[in-house]
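Next come the chains, spelled out residue by residue.
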Number of protein chains: 2
Amino acid sequence: MSGAIHVDFSQPCPIRDVLDRIGDQWSLLVLVSLAPRTKRFNELLREIGDISKQMLARTLRRLEQDGFVERTVYPEVPPRVEYTLTELGRSLLEPIGGLVRWADTHHLAIAEARKRHSG
Amino acid sequence: MSGAIHVDFSQPCPIRDVLDRIGDQWSLLVLVSLAPRTKRFNELLREIGDISKQMLARTLRRLEQDGFVERTVYPEVPPRVEYTLTELGRSLLEPIGGLVRWADTHHLAIAEARKRHSG
DNA sequence: ATACCTGGTCTAAAAGATAGACCTACCTAG
DNA sequence: CTAGGTAGGTCTATCTTTTAGACCAGGTAT
């Protein structure tokens, strides 16, 4: 299952392309945050906590453009806007889940490595 | 399986912590680049292509501190420095592999979503 | 002597992120 | 009528991060 990852960086590389999009400070966090259910802008803002409005807006717009998230506006007063994962977005949750499980399993080892280096 | 990812962002969160480290512009790329074999500084620089020396140095230093990568200096002239994945680093390749496979499978869908949005 | 090699570091300037004020649009309390 | 609140943003001024590119050691090849 073979750990043989092999990526040719020199070509116009789909993996580079995808990683550049989701591998930023916030995208994965927003995706994970939307995993359990549809949420509203300020709800995401509060839940993630240390993201700025602007970055959340920008991140959501890009996720929408890339087809990960769907944005629905309800013309009510006060306005309501809901963000939901698309099928594509949900499909990404599986590999992300692997990453999350890995993080959960190994964060102690990382903490120790850091301690070794700072001590 | 079940895509039930559930992360509590309000706590000192190991997933947040780990994602903040590997979820930057370059770390995953360096890790993937080191997957097939040990490499030297300038080799990584050339292979990744659009990373600056400084960012590569900084990324490698952080990956080393977190225990993903081992740095070996050979006191030759000209100097030689080799970077290898540790066991921890190699263990991370598995979930990353899931991500890479996902990217390979779905990059067309993303390209189409982008086209829909720009058109 | 001169130019060149590696694996970096340093600095100045460009790019990106943040906080916080502000905006639309309507509703309610006084 | 005025003041204040709510939701979802945008705008701007400031701060941080990233970049390009010069520079360094200390040897080797020309």
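Per chain, the residues get numbers from 1 upward, laid out in the order the sequence is written. All chains are assigned letters beginning with A, and all ligands numbers beginning with 1, in the order in which they are written. Two thresholds apply to this predicted model, a pLDDT of at least 70 for residue-level local features and 80 or more for giving and counting side-chain atom pairs, whereas whole-chain, interface and lining totals are computed over all residues. Side-chain measures were taken over the full set of non-hydrogen atoms in the model, leaving aside hydrogen atoms and water.

Thoughts on the pairing of strand 3 (residues 80-85) of chain A
All names here are of chain A. When strand 1 (residues 39-40) meets strand 3, the two strands line up antiparallel, connected through 2 bridges. Pairing of Lys39 across the sheet is with Tyr83, part of strand 3. For strand 2 (residues 69-74) and strand 3, the ladder comprises 6 bridges, and the chain directions are antiparallel. Paired with Arg71 across the two strands is Tyr83, which belongs to strand 3. What makes two strands pair is DSSP finding at least two bridges between them. Where helices and strands are cited, they refer to DSSP runs of H or I of at least four residues and of E of at least two residues respectively, numbered from the N terminus.

As for the sheet that holds strand 3 of chain A
Here 3 strands make up an open sheet; going across it, the order is 1-3-2 (chain A) and the pairing antiparallel. Two strands in the sheet have a free side with no partner beyond their single neighbour: strand 1 and strand 2 of chain A.

Regarding the packing of aromatic side chains
Here the aromatic set is Phe, Tyr and Trp, taking the six-membered ring for Trp, and pairing holds for ring centres within 6.5 Å; pairs whose planes are under 30 degrees apart are stacked, those over 60 apart are edge-to-face, and all others are tilted. For the structure shown, the criterion picks out 2 aromatic pairs over all chains. Any Lys NZ or Arg CZ that is within 6 Å of a ring centre and within 35 degrees of that ring's normal is treated as a charge sitting over the ring. Above the face of the Tyr74(A) ring, Arg80(A) is positioned so that its terminal group lies 4.0 Å from the ring centre.

Observations concerning the interface of chain B and chain A
Size of an interface: often given as the accessible area lost when the parts come together. Throughout, a residue-residue contact means that at least one pair of heavy atoms, one from each residue, lies within 4.5 Å. Each side of the interface is counted separately: chain B has 51 residues, and chain A has 51 residues. Buried area: the accessible surface (1.4 Å probe) lost by two parts on joining, summed over both. Here chain B meets chain A over a buried area of about 4700 Å², counting both sides, of which 71% is carbon and sulfur. Criterion for a salt bridge: a side-chain nitrogen of Lys or Arg within 4 Å of a carboxyl oxygen of Asp or Glu. In this structure, Asp66(B) engages Arg114(A) in a salt bridge whose closest nitrogen and oxygen atoms are separated by 2.9 Å. Two N or O atoms count as a polar contact when they lie within 3.5 Å, although within protein this holds only if one can serve as hydrogen donor and the other as acceptor, and sequence-adjacent residues are included solely when both atoms are side-chain atoms. Connecting chain B to chain A are 11 residue pairs in polar contact (both at pLDDT 80 or more). Elements with a minimum of two residues in the side of chain B that touches chain A: helix 1 (14-22), helix 2 (27-34), helix 3 (41-48), helix 4 (53-65) and helix 5 (87-118) of chain B. At 20 residues, the largest contribution of residues to the side of chain B that touches chain A is made by helix 5 of chain B. Along the lines of polarity and charge, the residues of the side of chain B that touches chain A split into 28 nonpolar, 12 polar and 11 charged. As a working rule, the residues Ala, Val, Leu, Ile, Met, Phe, Trp, Tyr, Cys and Pro are called nonpolar, Asp, Glu, Lys and Arg charged, and the rest polar, with Gly in that last group.

A short note on the protein's contact with DNA strand D
Every one of the 19 residues lining DNA strand D counts as a neighbour, but Lys53(A), Arg71(A), Tyr83(A), Gln54(B) and Met55(B) are closest to it. Note on terminology: near, applied to a residue and a molecule or strand, indicates that one of the residue's heavy atoms is within 4 Å of it. Counting only atoms of DNA strand D within 4 Å of the protein, the sugar-phosphate share comes to 62%. Here a phosphate oxygen of DNA strand D sits 3.2 Å away from a polar atom, N or O, in the side chain of Arg61(A). Pro79(A) places a polar main-chain atom, nitrogen or oxygen, 3.0 Å from a sugar or linking oxygen of DNA strand D.

Here we look at helix 4 of chain B
All names here are of chain B. Over its 13 residues, helix 4 runs 18 Å from end to end, which matches the ideal 18 Å to within 8%, given 1.5 Å per residue. When helix 4 is considered as a whole, its buried residues turn out to be Leu56, Thr59, Leu60 and Leu63. Summarising the axial view, the buried residues of helix 4 lie within an arc of 95°, below the 170-degree limit, and thus occupy one face. Buried residues in helix 4 make contact with helix 2, helix 3, strand 2 (69-74) and strand 3 (80-85). A positive phi of about 85° marks Gly67, the residue just after helix 4. Expected span of a helix, by definition, is 1.5 Å for each gap between consecutive residues, and there is one gap fewer than residues. Only protein chains enter the calculation, and the probe is 1.4 Å; a residue is then buried if its accessible area is under 20% of its type maximum, exposed if over 50%, and partly exposed in between. Picture the helix axis, draw a direction to every C-beta atom, and the arc is the one those directions span.

Interpretation note: all reported values are geometric properties and have no functional meaning in isolation.
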